[in-house]
Amino acid sequence: MRSAPLRDGASADEDWALNQRVAGGDRAAFQLLVLRHEGRLRAFLSRAAGCDADDLAQEAFVRAWQRAGEYRGKGSYAAWVMGIGWRLFLDQRRTARRREGLLGREEIASSTDPRPASDAAIDAGRLLGALSPQERAALTLCFGHGWSHGEAAAIMGLPLGTLKSLVLRGRAKAQKMIGEGADA
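Residues numbered from 1 in each chain as written. Predicted model: local features only at pLDDT ≥ 70, side-chain atom pairs only at ≥ 80, totals over all residues. Heavy atoms only, no water.

1. Points about the overall build of the protein chain
Next up, step 1: Each helix and strand in the protein chain was counted, giving eight helices and zero strands.
Next up, step 2: Starting at the N terminus, the α and β elements of the protein chain follow one another as α-α-α-α-α-α-α-α.
Next up, step 3: Every one of the 184 residues in the protein chain was classed for burial, and the buried ones make up 36%.
Next up, step 4: A total accessible area of about 10,700 Å² is found for the protein chain, and carbon and sulfur atoms account for 52% of it. (Helix = DSSP H or I, 4+ residues; strand = E, 2+ residues; numbered from the N terminus. Buried < 20%, exposed > 50% of the residue type's maximum accessible area, 1.4 Å probe, protein only. Areas by Shrake-Rupley, 256 points an atom, 1.4 Å probe, with all protein chains shown as cover.)

2. Remarks on the side chain of S76
Next up, step 1: Relative to the elements of secondary structure, S76 occurs in the loop between α3 (53–66) and α4 (77–103).
Next up, step 2: From its side chain, S76 meets the backbone nitrogen of A79 in a polar contact 3.0 Å long.
Next up, step 3: Leaving out residues up to four positions away in the same chain, S76 has contacts with Y71 and W147. (Polar contact = N/O pair within 3.5 Å; in protein donor to acceptor, adjacent residues only side chain to side chain. Contact = heavy atoms within 4.5 Å.)

3. Thoughts on the nonpolar core
Next up, step 1: L41, Y77, M82, W86, L141, M156 and L163 are the most contacted members of the largest nonpolar core, which has 45 residues in total.
Next up, step 2: Ranked by residues supplied to this core, first place goes to α4 with 11 residues.
Next up, step 3: Apart from residues no more than four positions distant in its own chain, L163 is found in contact with A138, C142, H149, A152, A153 and M156. (Core = buried A, V, L, I, M, F, W, Y, C linked by side-chain atoms within 4.5 Å.)

4. As for the packing of helix α2 (residues 27–49) against α3
Next up, step 1: Between α2 and α3, whose axes approach to 8 Å, the crossing angle comes to 145 degrees. Crossing of α2 over α3 shows right-handed handedness. Of the residues in α3, those touching α2 at R27, F30, V34, H37, E38, L41, R42, L45, S46 and A49 are A53, D54, L56, A57, A60, F61, A64 and W65.
Next up, step 2: A class-by-class count of the residues in the contact of α2 with α3 yields 12 nonpolar, two polar and four charged. (Axes fitted to C-alpha atoms, helices over the stretch in contact; angles between N-to-C directions. Left-handed = near helix turned anticlockwise from the far one by under 90°. Nonpolar A, V, L, I, M, F, W, Y, C, P; charged D, E, K, R; others polar.)

5. Let's talk about the pattern of salt bridges
Next up, step 1: What the rule picks out here adds up to nine salt bridges.
Next up, step 2: One salt bridge connects D54 with R42, and the closest N-O pair in it is separated by 2.9 Å. Residue D54 is found in helix α3, and its partner R42 is found in helix α2; the two are separated by 12 residues along the sequence.
Next up, step 3: For the salt bridge of E59 with R63, the shortest nitrogen-to-oxygen distance reads 3.1 Å. With E59 and R63 both in helix α3 and four residues apart, the pair spans about one turn of that helix. (Salt bridge = Lys/Arg side-chain N within 4 Å of Asp/Glu carboxyl O.)

The analysis is restricted to geometry; functional conclusions fall outside its scope.
Here's what the structure looks like:
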């Protein structure tokens, strides 16, 4: 039985075979993997990182190309490349914090996507924007992209219990904000 993220017909065996070709330098195989997984990666990173999603996704695929020989087929290719994107996002945040610390600035609120959106998308964006990046990523992976808790934990490089705590805490915060908005 396949998990929800592979419902688009992409099979783990096909991804494994394509990645084996990529490890040998096959650009056409890599292009197929990018086409197959970039939409999901960009959607996840746009929720986690905002406007930097395209740059992070591009860098994640560059790293996937460079490290194709490191993918062992344990777990899905999609989860592997999303994990790369997530770690790049965390690295980017750490670097930004260090720079801000050196400049003596306070942390700047995360940016939002400048594209026009519906009211529901704006409200969802506000809700997610009020959560920590880890909570936002956990909720996005589990509820927005259909990953299981175990898969989301692997993508984020967290123990399963920590991921479940992030989901519960993020969900509770979001529900509280929704309740407060209804009372206003």
